[in-house]
Amino acid sequence: MLVKTFAGAVHGVDAQTITVEVNTGGNMGNTDKPAYYIVGLPDSAVREGQARIEAALKNAGIRLPRLKTIVNLAPADLRKEGSAYDLPIAIGMLAGAGVIASEPLERFFIMGELSLDGSLRPIKGALPIAIQARREKFRGFILPKSNAREAAIVSDLEVFGVDNLSEALEVLAGETSIQPTVVN
């Protein structure tokens, strides 16, 4: 199953939309490791995300079926740097495996580095990425709580600051008490 999530990459003072395409399929059986491939000019931190994602899902109590997974970070000619793609990739993997619904994904930019326990670490460039999300007419932006005030400066964009993977999934499912961050 092909699922798309959306993120951003900062270049100078501007950001560009990154489409995170996750294609899952082909049961891997009882092997110790799923087949996982990531393409689209990822740097080392992005490639290492597989280990962080796998541990975060396990420690959050989420069981992911063993499926062949291909992740494409588009556009393919733009270098993707850093660990902030962990959250959109993890959510794409969950939707591709049918663990969560994929429909809400088209309305949000999603960014965040996953800790091994499923909590989120701050990202760089929250403001330009939020500006890009609004420019592209996305409804909201899900990111680490520590970045929410910076991103919430952007009007006409619902910014959801979350502490962990589970809270991000609750926001996407519409089953949360987390309100969009407002800057006074």
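Residues numbered from 1 in each chain as written. Predicted model: local features only at pLDDT ≥ 70, side-chain atom pairs only at ≥ 80, totals over all residues. Heavy atoms only, no water.

1. Structural notes on the side chain of Thr17
Moving on, step 1. As for its position among the elements, Thr17 is in strand β2 (residues 14–27).
Moving on, step 2. With relative accessibility at 14%, the residue Thr17 sits in the buried group.
Moving on, step 3. Polar side-chain contacts of Thr17 include one of 3.1 Å to the side chain of Gln132.
Moving on, step 4. Side chain to side chain, Thr17 and Glu136 meet in a polar contact 3.4 Å long.
Moving on, step 5. Not counting residues up to four positions away in its chain, the partners in contact with Thr17 are Phe6, Ala7, Ala74, Pro75, Phe109, Gln132 and Glu136. (Helix = DSSP H or I, 4+ residues; strand = E, 2+ residues; numbered from the N terminus. Buried < 20%, exposed > 50% of the residue type's maximum accessible area, 1.4 Å probe, protein only. Polar contact = N/O pair within 3.5 Å; in protein donor to acceptor, adjacent residues only side chain to side chain. Contact = heavy atoms within 4.5 Å.)

2. Examining the environment of Leu105
Moving on, step 1. Mapped onto the elements of the fold, Leu105 is located in the loop between α3 (86–96) and β5 (108–110).
Moving on, step 2. Not counting the four nearest positions on each side in its chain, Leu105 is found in contact with Val3, Lys4, Thr5, Phe6, Ile91, Ala95, Ile110 and Leu172.

3. Side note on the nonpolar core
Moving on, step 1. With 57 residues, the main nonpolar core has Ile89, Ile91, Phe141 and Ile142 as its most contacted residues.
Moving on, step 2. Setting aside residues up to four positions removed in sequence, Ile91 forms contacts with Thr5, Ile100, Leu105, Ile110, Leu165, Ala168, Leu169 and Leu172. (Core = buried A, V, L, I, M, F, W, Y, C linked by side-chain atoms within 4.5 Å.)

4. A short note on the environment of Ala90
Moving on, step 1. When you line up the elements, Ala90 lands in helix α3.
Moving on, step 2. Linking Ala90 and Thr5, residues 85 residues apart in sequence, is a C-alpha distance of 9.8 Å.
Moving on, step 3. In this structure Ala90 touches Ile53 and Leu114, once residues within four positions along its chain are discounted.

5. Let's talk about the environment of Gly82
Moving on, step 1. In this fold, Gly82 is placed in the loop between β4 (67–74) and α3.
Moving on, step 2. Using a relative accessible area of 26% as the deciding quantity, one classes Gly82 as partly exposed.
Moving on, step 3. If near-sequence neighbours (up to four positions away) are discounted, Gly82 is found in contact with Asp43, Ala45 and Val46.

6. Considering the pairing of strand β8 (residues 140–144)
Moving on, step 1. Within β8, five of the five residues are buried, which leaves it mostly tucked inside the rest of the structure.
Moving on, step 2. In this structure, β5 lies alongside β8, joined through three bridges in parallel fashion. What sits directly across from Phe108, in β8, is Gly140.
Moving on, step 3. Pairing of β8 with strand β9 (residues 158–162), which is carried by five bridges, proceeds in the parallel orientation. When the sheet's bridge partners are listed, Pro144 is paired in β9 with Val162. (Pairing = 2+ DSSP bridges.)

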